[in-house]
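Below are the chains, spelled out letter by letter.
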Amino acid sequence: MKLTTMTQVTIDGVMQGNGHASDEDRRNGFERGGWARGKGDHETRAFINQTYQRADAFLFGRRTYELFAASWGSLTAQDVPGWEPVLRALNTRPKYVASTTLTDPGWPGTAVLSGDLATAIADLKAKPGGELQVHGSGVLTRWLLEHELVDELTLIVIPVILGQGARLFPETGADLALELLESRVDSKGVTIQVFRPAGRPRYAPTEGPDRTTTRS
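Residues numbered from 1 in each chain as written. Predicted model: local features only at pLDDT ≥ 70, side-chain atom pairs only at ≥ 80, totals over all residues. Heavy atoms only, no water.

Quick look at the overall build of the chain now. The number of helices and strands found in the chain is five helices and eight strands. Reading the chain from its N terminus to its C terminus gives the helix and strand order β-α-β-α-α-β-β-α-β-α-β-β-β. Along the first, second and third principal axes, the C-alpha atoms of the chain reach 80 × 40 × 35 Å. Every one of the 216 residues in the chain was classed for burial, and the buried ones make up 39%. Contacts in the chain between residues at least 24 apart in sequence constitute 70% of all its contacts with a sequence separation of at least 6. Within the structure as shown, the chain displays about 12,300 Å² of accessible surface, and the carbon and sulfur contribution to it stands at 49%. Across the chain, the mean location of the 24 positive side-chain charges is 2 Å away from that of the 26 negative side-chain charges. (Helix = DSSP H or I, 4+ residues; strand = E, 2+ residues; numbered from the N terminus. Buried < 20%, exposed > 50% of the residue type's maximum accessible area, 1.4 Å probe, protein only. Contact = heavy atoms within 4.5 Å. Areas by Shrake-Rupley, 256 points an atom, 1.4 Å probe, with all protein chains shown as cover. Lys, Arg positive; Asp, Glu negative; His and termini not counted. Charge placed at Lys NZ, Arg CZ, Asp CG, Glu CD.)

This part takes up the packing of aromatic side chains. Counted under the stated rule, the structure contains five aromatic pairs. Ring geometry for Phe 60 and Tyr 65: centres 6.2 Å apart, planes at 55 degrees, overall tilted. You can call Tyr 65 buried: its relative accessible area is 3%. With centroids separated by 5.8 Å and ring planes inclined at 40 degrees, the aromatic side chains of Tyr 65 and Trp 107 adopt a geometry described as tilted. Note that Tyr 65 is positioned in helix α2 (residues 62-71) and Trp 107 in the loop between β3 (95-98) and β4 (110-113), a separation of 42 residues in sequence. This pair shows no difference in class: Tyr 65 is buried, exactly as Trp 107 is. Linked through ring pairs, Tyr 52, Phe 58, Phe 60, Tyr 65, Phe 68 and Trp 107 together constitute an aromatic cluster. Looking at Lys 95, its charged tip hangs above the ring of Trp 107, at a distance of 4.7 Å from the centre. (Phe/Tyr/Trp six-rings, centres within 6.5 Å; stacked < 30°, edge-to-face > 60°. Lys NZ or Arg CZ within 6 Å of the ring centre and 35° of its normal.)

This part covers the packing of helix α1 (residues 42-54) against helix α3 (residues 84-92). Remark: α1 packs on α3, axes separated minimally by 8 Å, with the N-to-C direction vectors making an angle of 20 degrees. Compared by their axis directions, α1 and α3 come out roughly parallel. The interaxial crossing formed by α1 with α3 has left-handed handedness. Between α1 and α3, the residues in contact are Ile 48, Asn 49, Tyr 52 and Gln 53 and Pro 85, Val 86, Ala 89 and Leu 90, respectively. (Axes fitted to C-alpha atoms, helices over the stretch in contact; angles between N-to-C directions. Parallel < 35°, antiparallel > 145°, perpendicular 65-115°, else oblique. Left-handed = near helix turned anticlockwise from the far one by under 90°.)

As a further point, take the sheet that holds strand β2 (residues 55-61). Taken in spatial order, the eight strands make up an open sheet running β4-β3-β2-β5-β1-β6-β8-β7, and their pairing is mixed. The open sheet has two edge strands, β4 and β7 (178-185), and neither has a second partner. Here the average twist between neighbouring strands, direction ignored, is 25 degrees. Of the strand pairs in this sheet, strand β1 (residues 2-10) and strand β6 (residues 152-158) are connected by seven bridges, and their pairing is parallel. Bridging from a neighbouring strand, Thr 5 pairs with Leu 153 of β6. (Pairing = 2+ DSSP bridges.)

Right, let's get into the pattern of salt bridges. As enumerated under the stated definition, the model contains eight salt bridges in all. Note that Glu 131 is salt-bridged to Arg 54, the shortest N-O span being 2.6 Å. With Glu 131 in strand β5 (residues 131-135) and Arg 54 in helix α1, this pair connects stretches of sequence that are 77 residues apart. The class for Glu 131 is buried, based on a relative accessible area of 6%. (Salt bridge = Lys/Arg side-chain N within 4 Å of Asp/Glu carboxyl O.)

Time to look at α2. The set of residues buried in α2 consists of Thr 64, Tyr 65 and Phe 68. Buried residues of α2, seen end-on, are gathered within an arc of 100 degrees and therefore sit on one face of the element. Where α2 is buried, its residues contact α1, β2, α3, β3, β4 and β5. (Arc of directions from axis to C-beta.)

What follows covers the nonpolar core. Counting residues in hydrophobic clusters, the biggest one holds 28 residues, and the most contacted among them are Tyr 52, Phe 58, Phe 68, Trp 72, Leu 90 and Ile 156. For this core, the secondary-structure elements that each account for two or more residues are α1, β2, α2, α3, β6 and β8 (191-197). If you tally residues by element for this core, the top one is α3, at four residues. Counting 17 residues, the second largest nonpolar core, distinct from the first, contains Leu 113, Leu 117, Leu 124 and Val 150. (Core = buried A, V, L, I, M, F, W, Y, C linked by side-chain atoms within 4.5 Å.)

Structure representation (structure tokens):
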């Protein structure tokens, strides 16, 4: 299976509390949850629904898994008009959680990956199928990128600046070049960009002595 990630982020890179502001999303004093709700148009909603429909399995970090289980795991189709494909996919496809602390997941169809995570994910990717998808799960997404386990990275950028909240990429961390595979913008200014990791970036060479100075 191809491992793909999808993350909603703000212009300033925040991913925390995109859908609402639960107690978990309010960590570290965060107060601006729900910034992505209603922001995309029908084409963006269709893109997200189609993405979930493609999934053969899902991989989550513990925090995102618990948020999803408490919401999508307890809702019915009547609760989420327009998002029925997401609900069906999440409740019928296998789910895996990378966690050393979660021992008894309550969402049916869930398995916990608590041992050698790199080996476990490599084994999942070796299974026949289309996509192993990661949604949200910022800490896990960064770890997967650093260990070169991501095949495609999708960013859904919402046109808002929050000025607070946990960001997908911190101020310091590993560097990575990206190759653009697809890019679109909807009628509400939401951009969708699909990238393929492309190794280390290239940087300008270190400048030597100023060669413009002439000798007298």
